[in-house]
Amino acid sequence: NLTDYLKRLKDVSEPVLLATKDLAIASLESKLWRSQWLPKIDIETRAGYLPLDIRPSDGGASVGGMVLAKIDLFSGLDSVWERREGEAKRNKAEASLKQVILSSVTQVELAFRRLKTTEVRVHLEEQNEERSKKFYQSILSEYRRGIKNSSDVRSASLGLSEATLRREKYKLDFLVQRIELERALGASVE
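Please read these numbers as outputs of a predicted model, since none were measured by experiment. (Residues numbered from 1 in each chain as written. Predicted model: local features only at pLDDT ≥ 70, side-chain atom pairs only at ≥ 80, totals over all residues. Heavy atoms only, no water.)

Undergrad: Can you break down the overall build of the protein residue by residue, with the values?
TA: Each helix and strand counted, the protein has four helices and two strands in total. N-terminal to C-terminal, the α/β element order of the protein is α-α-β-β-α-α. Sorting the 190 residues of the protein into buried and exposed places 21% on the buried side. Partitioning the contacts of the protein with sequence separation of at least 6, the portion at a separation of at least 24 is 73%. Summed over all atoms, the accessible surface of the protein reaches about 14000 Å², with 56% contributed by carbon and sulfur. (Helix = DSSP H or I, 4+ residues; strand = E, 2+ residues; numbered from the N terminus. Buried < 20%, exposed > 50% of the residue type's maximum accessible area, 1.4 Å probe, protein only. Contact = heavy atoms within 4.5 Å. Areas by Shrake-Rupley, 256 points an atom, 1.4 Å probe, with all protein chains shown as cover.)

In structure tokens, the structure reads:
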């Protein structure tokens, strides 16, 4: 069923999976601009003999600590431009994913239609072979009774062998179309 193949497409197809990962990465990167609005906090600790300007008056070893917090009040609109750039990358990844899905769906639908057409041809050739076999058997029975001659039997047997050959050719085409459908889905075919 075509819908079953299309459902498998999102789980199996490599181009769709890669485009999905690219969209996830772009979505995460588009949210990074918010971190620039948060304060930056640095913590520094020192132990032992400290520099002269922060050393205690007794001159011995001691421990000192410092917390430094920075808040950018104006970043020159860098964060605004980074936000817009992140959104543009995310939108590009979304459009790319849609394009890859559409392209993959089209390939799968074409391969499926070809497969179904070949399946109908195989069925028709099987019916044609059955008719040729019945015709050959009737010509052969009439030949045995002396009604038909050997050239009639020869032409009937050639018709049967051609029908059998065409059926086998279409069966081979069916298998090739099946492999093409699996390739369109992205499955590895050995």
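Undergrad: Give me the pattern of salt bridges: which residues, what numbers.
TA: Side-chain pairs of opposite charge can arise whenever the charged atoms involved come near each other. Per the stated rule, a full pass over the model turns up nine salt bridges. Taking the shortest distance from any N to any O, the salt bridge between Arg90 and Glu94 comes out at 3.8 Å. Remark: Glu94 and Arg90 occur in helix H3 (residues 78-145); sequence separation between them is four residues, near one turn of the helix. For Arg90, a relative accessible area of 25% corresponds to the partly exposed category. With a relative accessible area of 32%, Glu94 lands in the partly exposed category. (Salt bridge = Lys/Arg side-chain N within 4 Å of Asp/Glu carboxyl O.)

Undergrad: Could you give an account of the packing of helix H1 (residues 2-12) against helix H4 (residues 150-185), with specific residues and numbers?
TA: At a minimum axis separation of 9 Å, H1 and H4 run at an interaxial angle of 50 degrees. Here H1 is positioned oblique relative to H4, judged by the angle of their axes. Between H1, through Tyr5, Arg8, Leu9 and Val12, and H4, the contact on the second element is made entirely by Arg178, Leu181, Glu182, Ala184 and Leu185. Per-class residue counts for the contact of H1 with H4 are six nonpolar, no polar and three charged. (Axes fitted to C-alpha atoms, helices over the stretch in contact; angles between N-to-C directions. Parallel < 35°, antiparallel > 145°, perpendicular 65-115°, else oblique. Nonpolar A, V, L, I, M, F, W, Y, C, P; charged D, E, K, R; others polar.)

Undergrad: An account of H1 is requested, with residue identities and associated values reported.
TA: Since one α-helical turn is 3.6 residues long, residues separated by three or four positions face the same way. Along H1, the positions that sit buried rather than exposed are Leu2, Tyr5 and Leu9. Seen from one end, H1 has its buried residues packed into an arc of 60 degrees, which puts them on one side. In H1, the exposed positions that point more than 90 degrees away from the buried face belong to Lys7, Lys10 and Asp11. (Arc of directions from axis to C-beta.)

Undergrad: Help me get a handle on the side chain of Ser104, residues and values and all.
TA: Along the polypeptide, Ser104 turns up in helix H3. The exposure class of Ser104 is buried, given its relative accessible area of 5%. Setting aside anything within four residues of it in sequence, one finds Ser104 in contact with Leu9, Ser13 and Val16.

Undergrad: Lay out the environment of Tyr143 with the relevant residues and their values.
TA: With respect to the element layout, Tyr143 can be found in helix H3. Look at Tyr143 and you get partly exposed, because its relative accessible area is 38%. Tyr143 sits ten residues away from Val153 along the chain, and the two C-alpha atoms are 7.2 Å apart. Excluding residues within four positions of it along the chain, Tyr143 makes contact with Lys148, Asn149, Ser150 and Val153.

Undergrad: I'd like a description of the packing of H1 against helix H2 (residues 14-30), backed by residues and values.
TA: Between H1 and H2, the least distance of the axes is 6 Å, while the angle of their chain directions is 55 degrees. Comparing their axes, H2 and H1 come out oblique. On the side of H1, the interface is formed by Leu9, Lys10, Asp11 and Val12, while H2 contributes Glu14, Val16 and Leu17. Looking at side-chain class alone, the contact of H1 with H2 contains four nonpolar, no polar and three charged residues.

Undergrad: Residue-level account of the nonpolar core, with values.
TA: Across soluble globular proteins, you tend to see nonpolar side chains buried next to one another. Judged by nonpolar contacts, Leu2, Tyr5, Leu9, Val105, Val108, Ala111, Phe112, Leu115, Leu181, Ala184 and Leu185 together constitute the single largest core of eleven residues. Looking at this core element by element, the count peaks at five residues for H3. Sequence-distant contacts of Ala111, defined by excluding residues within four places in its chain, comprise Gln177, Glu180, Leu181 and Ala184. With five residues, the next largest nonpolar core counts Ala19, Ala26, Ala93 and Leu97 among its residues. (Core = buried A, V, L, I, M, F, W, Y, C linked by side-chain atoms within 4.5 Å.)

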